[in-house]
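# Descriptive structure summary
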Amino acid sequence: MSTDLLPQFIQDNYEIHEWKHACAILAQDFPNEWKDICEVLTAFRFKKSWISIGGGRKSKVSEAIDSELYNRGWIEKKFDTEILIDKKPLASPTHQVDCFKNRIALEIEWNNKDPFYDRDLNNFRLLFDLRTVSVGIIITRCDDLQLIFESVGRGSSYGSSTTHMRKLLPRILGGSGGGCPLLVFGITRKLYVED
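Everything in this summary refers to the structure shown in the same document. (Residues numbered from 1 in each chain as written. Predicted model: local features only at pLDDT ≥ 70, side-chain atom pairs only at ≥ 80, totals over all residues. Heavy atoms only, no water.)

### Some thoughts on helix H4 (residues 60–71)
Condition: Every helix listed is a DSSP run of H or I at least four residues long, and every strand listed is a run of E at least two residues long, numbered separately from the N terminus. The span expected for a helix works out to 1.5 Å for each residue beyond the first. Any residue under 20% of the maximum accessible area for its type is buried, any over 50% is exposed, and the rest in between are partly exposed; the area is computed with a 1.4 Å probe on protein chains only. Relevant arc is that of directions from the helix axis to the C-beta atoms, nothing else. We call two residues in contact when some of their heavy atoms are within 4.5 Å.
In this model H4 runs 16 Å from its N-terminal to its C-terminal C-alpha over 12 residues, within 8% of the 16 Å that 1.5 Å per residue would give. Looking only at H4, the buried set comprises Val61, Ser62, Ile65, Asp66 and Leu69. Across the axial projection of H4, the buried residues extend over an arc of 100°, all falling on one side. Check the buried side of H4 and you find it contacts helix H3 (31–43), strand E2 (46–47), strand E6 (97–101), strand E7 (104–109), strand E8 (135–141) and strand E9 (182–187).

Printed below as a string of structure tokens:
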């Protein structure tokens, strides 16, 4: 596997899963995007203050990651796609990607309902088949963070039906991403800081 191309800090502090040589593709063909991802993940820390209180449309975790990527030229992107059948257009809508740059699509799934993984993986599959995305990336949380959520009285807000690694991996292993090379990062307890 080419995950050894990742900086040692990321290897030591994230749970990493890769399919179809995603790291090699990123490092070789998309060095600027690879650098962005590596630098943002290396700088990221998961803060207690972000989970001590609930509410809001977007989590502080998602904001922390995507705002750094937006500062580096990544954008939130919706694609207008259709299929032509017997000269008749048929809409083939895709979901908006959290962060997109130069054929690299990145989704942050922190605490959504787990069917959001199906949406993301189907989106990656379709956009890869349409030759618009070369690698799909998902950043999510590891299962072991549940102990932290419970310790701050927020365990019920991060239940078993929400997005975490144990809910994602079976979907990918079952082929939900199709032919799209995938790279998954799980935020672990090692990144947690009490602020």
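Moving on from the model shown.
### Let's talk about helix H2 (residues 22–29)
By the burial criterion, the buried members of H2 are Ala22, Cys23 and Leu26. Each buried residue of H2 sits inside an arc of 100° when the element is viewed along its axis, so together they form one side. Set apart from the buried face of H2 by more than 90 degrees, the exposed residues are Gln28 and Asp29.

### Comments concerning the nonpolar core
So the rule is basically this: Residues belong to one nonpolar core when they are buried, are Ala, Val, Leu, Ile, Met, Phe, Trp, Tyr or Cys, and are joined through side-chain atoms within 4.5 Å.
Counting residues in hydrophobic clusters, the biggest one holds 38 residues, and the most contacted among them are Phe46, Ile137, Phe185 and Ile187. The element contributing the most residues to this core is H3, with five residues. The residues touching Phe185, leaving out its near neighbours within four places in the chain, are Leu6, Ile10, Tyr14, Glu15, Ile16, Ile37, Leu41, Ile137, Ile138, Ile139, Thr140 and Met165. Counting residues in each nonpolar core, the second largest holds 18 residues, with Leu127, Ile138, Ile172 and Cys180 among its members.

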